[in-house]
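# A structural walkthrough
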Amino acid sequence: MKIAVCVKEVYNLEQVKIIKETREPILDVPKKLDDLSRNALEEAIKIREKLGGEVVAISAGSPDLKKTIKEALAMGADRAVIVTDCSNSTPESTALILSKILEKDSYDLIIMGDASSDDYSGQMASRIAEILGLPQITFVSEIKEVSEEKITCVRDMDDYLEVVEADLPCVLSVTNEINEPRIPALKDILKASKKPVETLSANDLGVEIPQPYEIIENLAPEIDRRQEVIEGDAGDVARKLAEIIRREA
Amino acid sequence: MIDFPKNTVLTFSEEEELFRESVREFCERYIAPNWIEVDKRSEQNPMDIPVDIIKKMGEQGLFCIPCSEEYGGQGGTYTMATIAMEEIAYADPSVALAVYALLNTGWPFALELFGSEEACQEIIPEVAKGRAFFGIASTEPQGGSDVAGLKTRAEKKDDVYVISGEKTFISGVGEVQKLEWGGGWFTLARTGGEGHKGISAFALLARKNGELADGWEPTIYEDIGRHGLTTGGFKLTNFEVESKYLIGEENRGFYHVMEGFNLARIVVAAATIGASRWLLEQAVEWFRTRKLFGRNISAFQGVSFKFADLYARWEASRYFVYRASRLADKIYIEKDPSYKPLDLNVPVALAKNYGPETCVDLAEEVMKWYGAYAYTKEAPIFRAWLGPFSYVIGAEGAQNIMRLIIARDIIGREYLK
Amino acid sequence: MMKALVFAEKADHFNRISSKLKEMGFEVHGLSFAEANADHLYISEPNYDYASITAAMEKISDDVGPDLVVFSSTKLGKEVSARFAQRKNLPCITECLNLEVEGSSITVSRYSLGGKTIAKLRTSLPGVIAVVADAIEPSEQSFQMNIQDFEIPVSNQIRTVSREEKKREAVGLREADVIICIGRGLRKKEDIELVKELAEKLNAEIGCTRPLSHDYKWLPEERMIGLSGEKVSPKLLISIGVSGQIQHAVGIMNSKTVIAINTDENAPMREHSDYYVVGDLYEIIPELIRNL
């Protein structure tokens, strides 16, 4: 089985701070492999453990990817293909870039997270599947069966759970609950540095990055809470709270 | 909260940073939520050993870090081991699990350096998997620091050494009995005349493949801290050890164990710097929340200045520890001929002296800042005081012996007589 | 007049979206599974297959020539909106919290950086968006209501083997006046009983942060409040043992008054609170129950 996993580098969101006066985010924080990308990798590696084959990690982003992609290799991807000159790209352009890479090889499965934890846009699987003319199974919370010919999955939708099957090749997007991504051991980390990483540029791929929309602003919402601290022992506090509750409820 | 500031001197490679992240994640998931429970349970019953956590750590590859992959080891460096112990102790500041891990990295590695092929093939893979314990058995009832004065005797009879004597204050006496395979220790016994030139080292397995050996009689002690790892003693009565378990050359054991101690002490110090970091964070959290006389407790310079001093000692101990680990890598991993095993003596003594003392001093101060609450068992801080205290009391090398090593080396042995 | 084409599998979502579009001056066309408010509506048998719906929307869109295509930002809506947009080579913005028209462009807002910021984006039409329908207040509008039956072309790209409705507890978080939200400050599942006692006194609904519903499974998923869960707007929200990570905080932002109880003076939750108590919930809740 040849499995491609589309992964994304994201800012370490917990470390992103907001400037109080301007409400701008400070993005001088390290990047890491998105959690959902790890779920996707874990699932791909489990399939490879069962059916044999190759897992290729593919990503488009900034030069920081050279470091971040090692996390994917340490988790068990056999090799990686990265594009390092498209920071701040949109789902539209990322889908084009990744598809150009994906069409060079014939993958049986293309797996990714159902969204990324920074933008939560959730468009990649649909766009890539459409460009490559493949079926898509999104929001996969469990893979029930997989063979060289077809795959059966459980989809976790808003109001229902669905069991679907599709012939391979197809595109999958997985939920955060599908598995617990492995934590790379030292041996895997040491091996990761020796795995091949192909680095491309968006130019090489002949992709022009469209700018479909304009970002007018990206600010933290105004915080207009009173932030009044209530002090005292449990009894005092309880009395004060009871008063507030009677007033506001 | 307390993390490692930008540093151009104490730097780590991308792989080392990835490894640190992975150990940190493992510890956040499996060790940090459980360490207090482990300490409490083992305090009630020392033989209640966290076997499942040990197994998980084995599966994650946290034992036998510098040992060769040929023997089931991780094929890493001593610095990688140091990073791992620092992170494990940060998650478990009672240091029980960190010490389990460091003993089962340091002493299997010493076995690999000096032991026979068969012993390595048999023992190291089981230790790596978390199914066997392999530590150090040197201390005896009459003394620990005076290694050369030990009395346990080993007589050679055909192809077997018959060993009789007694060992005390040995870590792992319970683990060897409870883990799936068993295990034992890098054990010292006298095969020749008096003094350090008559001592040999053996891989003494009290239990292998689940079966207890004859002539081994254990007792378990009730420690005041570091409960998750047992301490005990054992009597050896005509205990038979096949010659394949002789470590290195006969009567050269003293020299082998001294190299082993150097290596083990680095990771001991590594554990204490991890626990120190946890303690520093407890202090900072307290400073930010606790008020008295209308101000944060850290508004009082008596408190904040003391904190700054202890913080400085923590940072300093990190430099000592990683300086020693990088040197150990040069000698034992890279096998760079311009560095010799004896070069480690002072760097290791500095690390082993500074790390544990800083940790214990810090723990004491943190408890004083917390006040009465820290005196109750509900506050976990005392566990991070008593655990590392074992290493100030003298485990793995008495503090004053460390001072002796430094003084001898710098001033000159003849001037200390 | 500009034309909008809407798809939403739920009539309520459809109506919220169509009323907003009408308010903005669009002629509203739509595809739905039940009667809904539109100028020109195509009704079909329910079909939850992305390929079928994409094909249907493609056909209708080719006929109508809309300036703006709007989906509801449900899981189904998102996956179809992106596939449709890619087919038509159009940009698509999902998880939109609101929309405004400016000439031949629209401006939308959506969460970014995991919820820490709100991004305002402008895109020129024609375009595709997926809107968080619950964030849209419906308004009274009048529509032409030309209704036609429509047959969605069947697709076999993927085959549905079975479908099971999720048993959803009827949870009144959206309608509740008072909500108590619990987080990881609670040490064990049994402690929820203590919170229930308080909830009964206040006639409050209980919600929680994601770890409690999805990881520990102490409460059903429907009770999760956050970016990927419920977004609530009670008169009073009492937050107990919640650190206040942004993915949760976005769910409570529309609460009128927020009270929080936490042992950490500097938890992120403080910024999202009107009244912040630094204390032990295990001491305070019993006292509070006594005082009410």
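Cut-offs and rules
Residues numbered from 1 in each chain as written. Chains lettered and ligands numbered in written order. Predicted model: local features only at pLDDT ≥ 70, side-chain atom pairs only at ≥ 80, totals over all residues. Heavy atoms only, no water. Helix = DSSP H or I, 4+ residues; strand = E, 2+ residues; numbered from the N terminus. Buried < 20%, exposed > 50% of the residue type's maximum accessible area, 1.4 Å probe, protein only. Contact = heavy atoms within 4.5 Å. Areas by Shrake-Rupley, 256 points an atom, 1.4 Å probe, with all protein chains shown as cover. Lys, Arg positive; Asp, Glu negative; His and termini not counted. Charge placed at Lys NZ, Arg CZ, Asp CG, Glu CD. Salt bridge = Lys/Arg side-chain N within 4 Å of Asp/Glu carboxyl O. Axes fitted to C-alpha atoms, helices over the stretch in contact; angles between N-to-C directions. Parallel < 35°, antiparallel > 145°, perpendicular 65-115°, else oblique. Left-handed = near helix turned anticlockwise from the far one by under 90°. Nonpolar A, V, L, I, M, F, W, Y, C, P; charged D, E, K, R; others polar. Buried area = accessible area lost by both parts, 1.4 Å probe. Polar contact = N/O pair within 3.5 Å; in protein donor to acceptor, adjacent residues only side chain to side chain. Pairing = 2+ DSSP bridges. Domains from an automatic or database assignment.

### Overview of the overall build of chain C
In terms of helices and strands, chain C carries seven helices and 16 strands. Principal-axis analysis of the C-alpha atoms places the extent of chain C at approximately 65 × 45 × 30 Å. Relative to its full complement of 292 residues, chain C shows a buried share of 60%. Within chain C, contacts between residues separated by at least 24 positions form 60% of all contacts whose residues are at least 6 apart in sequence. Of the accessible surface of chain C, which amounts to about 11,900 Å², a share of 43% is contributed by carbon and sulfur atoms. Mean positive and mean negative side-chain charge positions of chain C (35 and 43 charges, respectively) differ by 4 Å.

### Some details on the pattern of salt bridges
All names here are of chain C. The final tally for this structure, using the stated rule, is 72 salt bridges over all chains. Asp-39 is the salt-bridge partner of Lys-22, the closest N and O atoms lying 3.0 Å from each other. In this pair, Lys-22 sits in helix H1 (residues 11-23) while Asp-39 sits in the loop between strand E2 (27-32) and strand E3 (40-43), placing the two residues 17 residues apart along the sequence. Summarising the burial analysis for this pair, Lys-22 and Asp-39 share the class buried.

### Looking at the packing of helix H6 (residues 234-248) of chain A against helix H7 (residues 281-291) of chain C
One can describe the packing of H6(A) onto H7(C) by two numbers: an axis separation of 8 Å at closest approach and a directional angle of 55 degrees. Comparing their axes, H7(C) and H6(A) come out oblique. Note that H6(A) runs across H7(C); the crossing there is right-handed. Of H7(C), the residues touching H6(A) (which contributes Ala234(A), Gly235(A), Val237(A), Ala238(A), Arg239(A), Leu241(A), Ala242(A), Ile245(A) and Arg246(A)) are Glu283(C), Ile284(C), Glu287(C), Leu288(C) and Asn291(C). Split into classes, the residues belonging to the contact of H6(A) with H7(C) amount to eight nonpolar, two polar and four charged.

### Some details on unusual backbone geometry
Leaving glycine aside, a negative phi is the common case for residues, and trans is the common case for peptide bonds. In this structure, the amide linkage connecting Leu168(A) to the following residue, Pro169(A), adopts the cis form with an omega of 0 degrees. Structurally, the position occupied by Pro169(A) is in the loop between strand E11 (160-167) and strand E12 (170-174). A cis geometry characterises the amide bond from Leu125(C) onward to Pro126(C), with omega recorded as 5 degrees. Here Pro126(C) is to be found in the loop between strand E8 (117-124) and strand E9 (127-131). Although it is not a glycine, Gln227(A) sits at a positive phi angle of roughly 55 degrees. With phi around 50 degrees, Cys64(B) is a residue other than glycine that occupies positive phi space.

### Quick look at the interface of chain A and chain C
The partner chain C presents 75 residues to the 71 residues of chain A that form the contact. For the pair chain A and chain C, the summed buried surface comes to about 7,000 Å²; carbon and sulfur atoms form 53% of the total. Contact with chain C buries surface across chain A, with Tyr120(A), Glu130(A) and Arg225(A) losing the most and accounting together for 10% of the total. Our count for the contact surface shared by chain A and chain C stands at 13 salt bridges. There are 52 residue pairs in polar contact (both at pLDDT 80 or more) connecting chain A and chain C. Among the secondary structure elements, those contributing two or more residues to the side of chain A that touches chain C are helix H4 (124-132), strand E9 (136-146), strand E10 (150-156), E11, strand E14 (213-219), strand E15 (228-230) and H6 of chain A. Ranked by residue count, the leading element in the side of chain A that touches chain C is H6(A), at twelve residues. Here the side of chain A that touches chain C is composed, by residue class, of 37 nonpolar, ten polar and 24 charged. As defined by bridge partners, E14(A) adjoins E8(C) across six bridges and the pair is classed as antiparallel. Counted as the bridge partner of Ile215(A) is Leu121(C) from E8(C).

### Some details on the domain arrangement of chain C
Residue and element names in this part refer to chain C. One can read the domain layout of chain C as domain 1 (3-149) and domain 2 (178-291). Using C-alpha coordinates to define each centre, domain 1 is positioned 34 Å away from domain 2. Each side of the interface is counted separately: domain 1 has four residues, and domain 2 has five residues. Here domain 1 packs against domain 2, burying approximately 440 Å² in sum over the two surfaces, 71% of which is carbon and sulfur. The largest contributions to the domain 1 side of the interface with domain 2 come from Tyr-111, Gly-114 and Gly-115, which together make up 75% of the buried area. Where domain 1 packs against domain 2, one counts zero salt bridges. Connecting domain 1 to domain 2 are zero residue pairs in polar contact (both at pLDDT 80 or more).

### Looking at the sheet that holds strand E14 (residues 236-240) of chain C
In sheet architecture, strand pairing relies on hydrogen bonds along the backbone and comes in two forms, parallel and antiparallel. Here six strands make up an open sheet; going across it, the order is E15(A)-E16(C)-E15(C)-E14(C)-E12(C)-E13(C) and the pairing parallel. Here the strands that pair on one side only, and so sit at the sheet edges, are E15 of chain A together with strand E13 (205-208) of chain C. Mean inter-strand twist for the sheet, computed between neighbouring axes without regard to direction, equals 20 degrees. Direction of pairing for strand E12 (residues 178-182) of chain C relative to E14(C): parallel, over a ladder of five bridges. Following the sheet pairing, Ile182(C) is matched in E14(C) by Ile240(C).

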